[in-house]
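Observations on the model geometry
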Amino acid sequence: MKLYYPAGTTREYTGTPKVAEVCQLTGDPILPGAASWTLPVYGENECAVLRSDGTWEIVPDYRCVWYDKITGAETRVTDLRVIPGNNLTRKAPTCPFDRFDEAAGDWIFDIARYRSARIDEVSATSFARRGELFPDYRRDNLIAGIVYDEPYTLENYRATVEAFRAEYYRLKAAIEAAATRAAVDSVVAGAQWPDEIVEA
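Here goes a summary of the coordinates provided.

Conventions and cut-offs
- Residues numbered from 1 in each chain as written.
- Predicted model: local features only at pLDDT ≥ 70, side-chain atom pairs only at ≥ 80, totals over all residues.
- Heavy atoms only, no water.
- Pairing = 2+ DSSP bridges.
- Helix = DSSP H or I, 4+ residues; strand = E, 2+ residues; numbered from the N terminus.
- Buried < 20%, exposed > 50% of the residue type's maximum accessible area, 1.4 Å probe, protein only.
- Contact = heavy atoms within 4.5 Å.
- Core = buried A, V, L, I, M, F, W, Y, C linked by side-chain atoms within 4.5 Å.
- Salt bridge = Lys/Arg side-chain N within 4 Å of Asp/Glu carboxyl O.

Our focus in this paragraph is the sheet that holds strand β5 (residues 64-68). Ordered in space as β6-β5-β7, the 3 strands form an open sheet in which the pairing is antiparallel. Looking at which strands have only one partner, the edges of the open sheet turn out to be β6 (74-77) and β7 (88-89). Bridging between β5 and β7 involves 2 bridges; their strand directions are antiparallel. Across the sheet, residue Asp68 finds its bridge partner in β7, namely Leu88.

Printed below as a string of structure tokens:
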């Protein structure tokens, strides 16, 4: 005869019946306390079958990967006794710029968040490229009285900074006006940074 066992810690039926041992004295099959002769009745999807007070019980099963609706961060529920809060969803965001829409019950692309990220990227690029052309240490040395050959002068430094600043603000305004992700990407791709020191 087959026995149906619950798992030792969760009391959940694992789906693997075992052959019952036979009593050496009587020849009768032995029924351990936690086991059952009857096959558990499986519930609908997302349910588990537990052994409780001598019977099989169908309970909701929330064990899976969930996602925070605010941050999109992944969390995994591994315990049958844990009921996820309303701040979690089973739907995964498609990109870091998605926002969960409660009315739609799904993630939607947040163009405002994407614009902000690309503007930060443009700012970082501006400082990095300007620093490659005219490093701040040269400016500091010029202020301290150290003289460099042309084009490293304070006047040219200021002119170069202004050129990079102007391009940054041009890009920022265009990004803020862009209505789609593709339009934002097109603006960033069309950046026209100075490729040499600007002479005053």
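Past the structure itself, the notes keep going.
Let us look at the environment of Pro151. Turning to its location among the elements, Pro151 is positioned in the loop between α2 (136-143) and α3 (154-177). On the accessibility criterion, Pro151 (25% relative accessible area) is partly exposed. Note: C-alpha distance between Pro151 and Ala200 (49 residues apart in sequence) is 9.6 Å. Residue contacts for Pro151: discarding those within four places in its chain leaves Phe134, Asn156, Ile197 and Glu199.

The next subject is the nonpolar core. A general tendency of soluble globular proteins is for nonpolar side chains to be buried together. Among the nonpolar cores identified, the biggest contains 21 residues, and Val122, Ile175, Val184 and Trp193 are the most heavily contacted of them. Considering each element in turn, this core owes the most residues, 6 residues, to α3. Discounting residues that sit within four places of it in the chain, Ile175 has contacts with Arg115, Arg118, Ile119, Val122, Val184, Val187 and Val188.

The tally for this structure, following the rule as stated, stands at 11 salt bridges. In this structure, Glu162 engages Arg165 in a salt bridge whose closest nitrogen and oxygen atoms are separated by 2.4 Å. In this pair, Glu162 and Arg165 are both assigned in helix α3, 3 residues apart and thus about one turn of the helix distant. Since its relative accessible area comes to 44%, Glu162 is described here as partly exposed. Of the charged contacts, one joins Lys172 and Glu176 as a salt bridge, the two residues approaching to 2.8 Å between their closest N and O atoms. Taken as a pair, Lys172 and Glu176 lie in helix α3 at a separation of 4 residues, close to a single helical turn.

Along the chain, the position of Ala48 falls in strand β3 (residues 47-52). Ala48 gets classed as buried once you look at its relative accessible area, which sits at 3%. A sequence separation of 13 residues divides Ala48 from Asp61, and the C-alpha atoms of the two residues are 5.6 Å apart. Not counting the four nearest positions on each side in its chain, Ala48 is found in contact with Glu12, Glu57, Ile58, Val59, Asp61, Arg63 and Leu80.

Just geometry here; none of it tells us what the structure is for.
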